[in-house]
Amino acid sequence: MRIKCPLCGERDRREFYYLGAKDYLTRPEESNLDAMHKYLHIRENPCGLTEDLWQHEAGCRAWLLIERNTATHEIFKVELVNNKKDSK
Ligand SMILES: [Zn+2]
């Protein structure tokens, strides 16, 4: 799989670190134990379209939000997480 980093260009997938679903961007209040338990331990494992967080670990180290199909490995969109937060 090849990933096109917005800062470095197209690179091999092995240069990137996979964190998980974009849910990590919306951390619940720590006082809400049920929500925190779900945030830390309960994960979906969908087959098909996902939005995941990846870090370009061997390159610019930027965090990326990648929209892809887990069944076909087709990538539809790659954007910087910082840009995503600024647009809210
Ligand atoms: Zn990069």
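An account of the accompanying structure is given in this report.

Parameters at a glance
Residues numbered from 1 in each chain as written. Predicted model: local features only at pLDDT ≥ 70, side-chain atom pairs only at ≥ 80, totals over all residues. Heavy atoms only, no water. Helix = DSSP H or I, 4+ residues; strand = E, 2+ residues; numbered from the N terminus. Buried < 20%, exposed > 50% of the residue type's maximum accessible area, 1.4 Å probe, protein only. Contact = heavy atoms within 4.5 Å. Lys, Arg positive; Asp, Glu negative; His and termini not counted. Charge placed at Lys NZ, Arg CZ, Asp CG, Glu CD. Pairing = 2+ DSSP bridges. Axes fitted to C-alpha atoms, helices over the stretch in contact; angles between N-to-C directions. Donors = N, O, S within 2.8 Å, 3.2 Å for Na, K, Ca; no water. Tetrahedral: all angles 85-135°; square planar, octahedral: opposite > 155°, others 65-115°. Polar contact = N/O pair within 3.5 Å; in protein donor to acceptor, adjacent residues only side chain to side chain.

### Points about the overall build of the protein chain
Each helix and strand in the protein chain was counted, giving 2 helices and 6 strands. Counted from the first residue to the last, the protein chain has its helices and strands arranged as β-β-β-α-β-β-β-α. When the backbone C-alpha atoms are referred to their principal axes, the protein chain occupies close to 40 × 30 × 25 Å. Burial status across the protein chain gives 25% buried among its 88 residues. Of the contacts made within the protein chain by residues no fewer than 6 positions apart, 44% connect residues no fewer than 24 positions apart. Each charge sign in the protein chain was given a centre, from 15 positive and 15 negative side chains, and these centres are 3 Å apart.

### A few points about the sheet that holds strand 3 (residues 17-21)
Strand pairing within a sheet occurs via backbone hydrogen bonds; the two strands may be parallel or antiparallel. Here 4 strands make up an open sheet; going across it, the order is 3-4-5-6 and the pairing antiparallel. Single-partner strands in this sheet number two, and they are strand 3 and strand 6 (75-80). Put simply, the sheet's adjacent strands are angled 25° from each other on average, direction ignored. Where strand 5 (residues 63-69) and strand 6 come together, 5 bridges link them in antiparallel fashion. Among the inter-strand pairings, Arg68 is bridged to a residue of strand 6, identified as Ile75.

### Describing the coordination of the zinc ion
Note on the zinc ion: its protein donors are Cys5 (SG), Cys8 (SG), His56 (ND1) and Cys60 (SG). The metal-donor distances range over 2.1 to 2.4 Å. Each of the 4 donor atoms around the zinc ion contributes to a set of angles spanning 103 to 121°, which defines the coordination as tetrahedral. Every donor residue of the zinc ion comes from the same chain, spaced as C-x2-C-x47-H-x3-C. When its relative accessible area of 0% is taken as the criterion, His56 is described as buried. Judged by relative accessible area, which is 30%, Cys60 ranks as partly exposed.

### Considerations on the environment of Asn69
Mapping Asn69 onto the fold places it in strand 5. Measuring from C-alpha to C-alpha, the distance between Asn69 and Thr50 comes to 6.2 Å, with 19 residues separating the pair along the chain. Contacts of Asn69, omitting those with residues within four sequence positions, involve Gly48, Leu49, Glu74 and Phe76. Here Ala71 takes part through its backbone nitrogen, which lies 2.8 Å from a polar atom of the side chain of Asn69.

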